[in-house]
Amino acid sequence: EHIANQIAAGEVVERPASVVKELVENAIDAGSTKVEVVIEEGGLQSIRVSDNGSGIEPDDCEAAFYRHATSKIQHGRDLFNITSLGFRGEALASIAAVSKVTLTTSSNDDGLGRKLIIEGGKLITNEDTAASRGTSFIVRELFYNTPARLKYMKTIQTELGHISDYIYRIALSHPNIGIILRHNENTLLQTIGNGDLLQVVAAIYGTQAAKAMIPIQAEDLDFSMQGFVSLPEWTRSNRNGISTIVNGRYIRSNGLNHALLRAYHTLLPINRYPLVILSLTMHPSIVDVNVHPAKLEVRFSKESELYPFVEQAIHAVLRQEVL
Ligand code: ADP
Ligand code: MG
């Protein structure tokens, strides 16, 4: 059972950012409105993810670490169940197999909860403890028992970059959740969680950037879109400021990127890019994830309608500003 978990762990847990991703997704799944991520040394020393969600019942804590343990029912074949296929109920088991995990959780408001310590897949502690409602995972010494994997870790700065990229995407796609990211005592991100997307933009890109954003809203038969696009005079040297969210999930689509860049075509200097955050809503059947789930790549069955819709809507608001 230990060996099986270590092999499976390699698939789910590639680097510290994978741990952050799985723990934060669990926190969101648990209905949390606040999620705090505190990491040390790029996550190689420790990763703590705390939430104010449902918590885990004391008697369910140990089982949550078994492989294929999941309390989540799989519905149909919608976009994002497919994305995580293969990892269902494997994340905690895989993480615990290659690190030292402390879980503290409470599923009610009586101040009592449960604490578990698991090291290298082995249960060390399972006891009652004082805890407020919600869940906190601390993952220490990732890959301490898999030296081959540890050798592949890049610098602290690189690992931190992967973590913050992921947290920014989560913050942009979940403006209703207050998200905090701290690294070695520095606060890298703090969002309020009141649904104000522009506040998230300001927290990530700065208040000057947020001031340069124009709201956009458009709708047709198949799609609705809202978000913010930057004024043409506000530019960046790379495309990292382009975020696309479909049905609440952060995605990547080259076609969509090209469409929105076409709207800026004559307005930007060569090799300069806008800041764009677009949130699209459409029927899930229009979205095809079979392209590259791990990389968030999607394709759209109605792309010949979607791309012009996006381009024209952005073009229209930009023209209004430029005139
Ligand atoms: P999955 O998310 O696919 O169900 P995981 O291994 O990630 O599998 O988690 C196993 C189970 O542990 C979840 O189904 C859930 O019941 C419980 N769990 C994990 N994290 C949390 C959390 N932050 N809050 C509440 N329950 C959690
Ligand atoms: Mg999970």
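Cut-offs and rules
Residues numbered from 1 in each chain as written. Chains lettered and ligands numbered in written order. Predicted model: local features only at pLDDT ≥ 70, side-chain atom pairs only at ≥ 80, totals over all residues. UniProt positions renumbered as here; feature names shortened; annotations may be inferred. Axes fitted to C-alpha atoms, helices over the stretch in contact; angles between N-to-C directions. Helix = DSSP H or I, 4+ residues; strand = E, 2+ residues; numbered from the N terminus. Parallel < 35°, antiparallel > 145°, perpendicular 65-115°, else oblique. Left-handed = near helix turned anticlockwise from the far one by under 90°. Contact = placed C-beta atoms within 7 Å. Nonpolar A, V, L, I, M, F, W, Y, C, P; charged D, E, K, R; others polar. Buried ≥ 20, exposed ≤ 12 C-beta atoms within 10 Å, placed from the backbone.

The name recorded for the protein chain in an unreviewed UniProt entry is DNA mismatch repair protein MutL, from Paenibacillus crassostreae. One UniProt comment on the protein chain, placed under Sequence similarities (unreviewed entry), says "Belongs to the DNA mismatch repair MutL/HexB family." On record in UniProt, under Function (unreviewed entry), the comment for the protein chain is "This protein is involved in the repair of mismatches in DNA. It is required for dam-dependent methyl-directed DNA mismatch repair. May act as a 'molecular matchmaker', a protein that promotes the formation of a stable complex between two or more DNA-binding proteins in an ATP-dependent manner without itself being part of a final effector complex."

Caption draft 1: A look at the packing of helix 2 (residues 16-29) against helix 6 (residues 156-173). Contact geometry for helix 2 and helix 6: axes closest at 8 Å, N-to-C directions at 25 degrees. In terms of orientation, helix 2 lies roughly parallel with respect to helix 6. The interaxial crossing formed by helix 2 with helix 6 has right-handed handedness. Along the contact surface, helix 2 presents Pro16, Ala17, Val20, Lys21 and Val24, while helix 6 presents Glu159, His162, Ile163, Tyr166 and Ile170. Partitioned by chemical class, the residues of the contact of helix 2 with helix 6 number seven nonpolar, one polar and two charged.

Caption draft 2: Looking closely at unusual backbone geometry. Even without a glycine there, the phi angle at Glu141 is positive, about 50 degrees. In this fold, Glu141 is placed in the loop between strand 6 (134-140) and helix 5 (147-151). Take Glu141: there are 15 C-beta atoms within 10 Å of it, and that puts it in the partly exposed class. Its identity as a non-glycine residue notwithstanding, Glu185 has a phi of 80 degrees, on the positive side. Secondary-structure assignment places Glu185 in the loop between strand 7 (178-183) and strand 8 (186-190). Residue classification places Glu185 among the exposed residues on the basis of 7 C-beta atoms within 10 Å.

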